[in-house]
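# Structural characterization, general
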Amino acid sequence: MSVLKSGIEGAGKQIGAFKKFISRGNVVDMAVGVIIGGAFGKIVTSLVNDIIMPLVGLALGKLNFADLSVTIGESVIKYGSFIQAVVDFFIVAICIFCVIKMFESFKKKEAEKPAEEAAPIKSDEALLLEEIRDLLKNKN
């Protein structure tokens, strides 16, 4: 019975540690990035397969890249699909490069902004004392 109880307590500690880990901002941000990245990958794949490669194939004399293959024995090597995957990769890499450059320029602009120093807020008593001081200076 004590083994079962210690196992349950250990699982409870693990669940608590997992909750602490998952509630940190970086993990949530990363999860959102992965989900958006997956959706973006599907968009880029569609762009390449359905728009770019047909246009390139048309420019090269109605060549369909998806059909490009070599048969060696019973194996079929589909190098046309590989070419499409390479184009996918380059489009994603260019997009990521642009996003990172844009992010860096925003960070640079933020760093170049002079830090605006907020004037300290004076209490009513401090303002009253300053008025009294100024009046005494003017009187003398």
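Residues numbered from 1 in each chain as written. Predicted model: local features only at pLDDT ≥ 70, side-chain atom pairs only at ≥ 80, totals over all residues. Heavy atoms only, no water.

## Let's talk about the overall build of the protein chain
- In terms of helices and strands, the protein chain carries 4 helices and 2 strands.
- The order of helices and strands in the protein chain, counted from the N terminus, is α-α-β-β-α-α.
- The 140 residues of the protein chain split such that 8% are buried.
- Considering only residue pairs separated by 6 or more positions, the protein chain has 39% of its internal contacts joining residues 24 or more positions apart. (Helix = DSSP H or I, 4+ residues; strand = E, 2+ residues; numbered from the N terminus. Buried < 20%, exposed > 50% of the residue type's maximum accessible area, 1.4 Å probe, protein only. Contact = heavy atoms within 4.5 Å.)

## Considerations on helix α3 (residues 79-112)
- Over its 34 residues, α3 runs 49 Å from end to end, which matches the ideal 50 Å to within 8%, given 1.5 Å per residue.
- Among the residues making up α3, those that are buried are Gly80, Gln84, Asp88 and Ile91. (Expected span 1.5 Å × (residues − 1).)

## Here's the deal with the pattern of salt bridges
- Applying the stated criterion across every chain, the model contains 3 salt bridges.
- With its nearest N and O atoms 2.9 Å apart, the salt bridge here joins Glu130 to Lys122.
- For the salt bridge of Asp134 with Arg133, the shortest nitrogen-to-oxygen distance reads 3.3 Å. (Salt bridge = Lys/Arg side-chain N within 4 Å of Asp/Glu carboxyl O.)

## Details of a nonpolar patch on the surface
- Taken together, Val70, Ile72, Ile77, Tyr79 and Phe82 make up a surface patch of nonpolar side chains, about 480 Å² in accessible area.
- Sorting the residues of the nonpolar patch by element identifies β1 (70-72) and α3 as the ones contributing at least two each.
- Inspection of the secondary structure puts Ile72 in strand β1.
- Given the relative accessible area of 52%, Ile72 is considered exposed. (Patch = residues over 30% accessible without salt bridge, like charges linked within 9 Å, V, L, I, M, F, W, Y side chains within 5 Å. Areas by Shrake-Rupley, 256 points an atom, 1.4 Å probe, with all protein chains shown as cover.)

## Details of helix α4 (residues 124-139)
- Over its 16 residues, α4 runs 23 Å from end to end, which matches the ideal 22 Å to within 8%, given 1.5 Å per residue.
- Taking burial as the measure, the 16 residues of α4 include 0 buried ones, a minor fraction of the element.

## With respect to the side chain of Asp88
- Within the secondary structure, Asp88 sits in helix α3.
- Of the side chains with opposite charge, Lys42 lies nearest to the buried Asp88, which makes no salt bridge, at 13 Å.
- Beyond its immediate stretch of four places on either side in the chain, Asp88 contacts Val44, Thr45 and Val48. (Lys, Arg positive; Asp, Glu negative; His and termini not counted.)

## Quick look at the packing of aromatic side chains
- All told, the structure shown has 1 aromatic pair when counted by the stated rule.
- Ring centres of Phe89 and Phe90 lie 5.6 Å apart, and the angle between their planes is 65 degrees; this geometry places the pair in the edge-to-face category. (Phe/Tyr/Trp six-rings, centres within 6.5 Å; stacked < 30°, edge-to-face > 60°.)

## Details of the nonpolar core
- If you look at the biggest cluster of nonpolar residues, it comprises 6 residues: Val44, Val48, Met53, Phe65, Leu68 and Ile91.
- It is helix α2 (residues 25-59) that provides the largest number of residues to this core, a total of 3 residues.
- Among all residues touching Met53, those that are not within four sequence positions of it are Val48, Phe65, Ile83, Gln84 and Val87. (Core = buried A, V, L, I, M, F, W, Y, C linked by side-chain atoms within 4.5 Å.)

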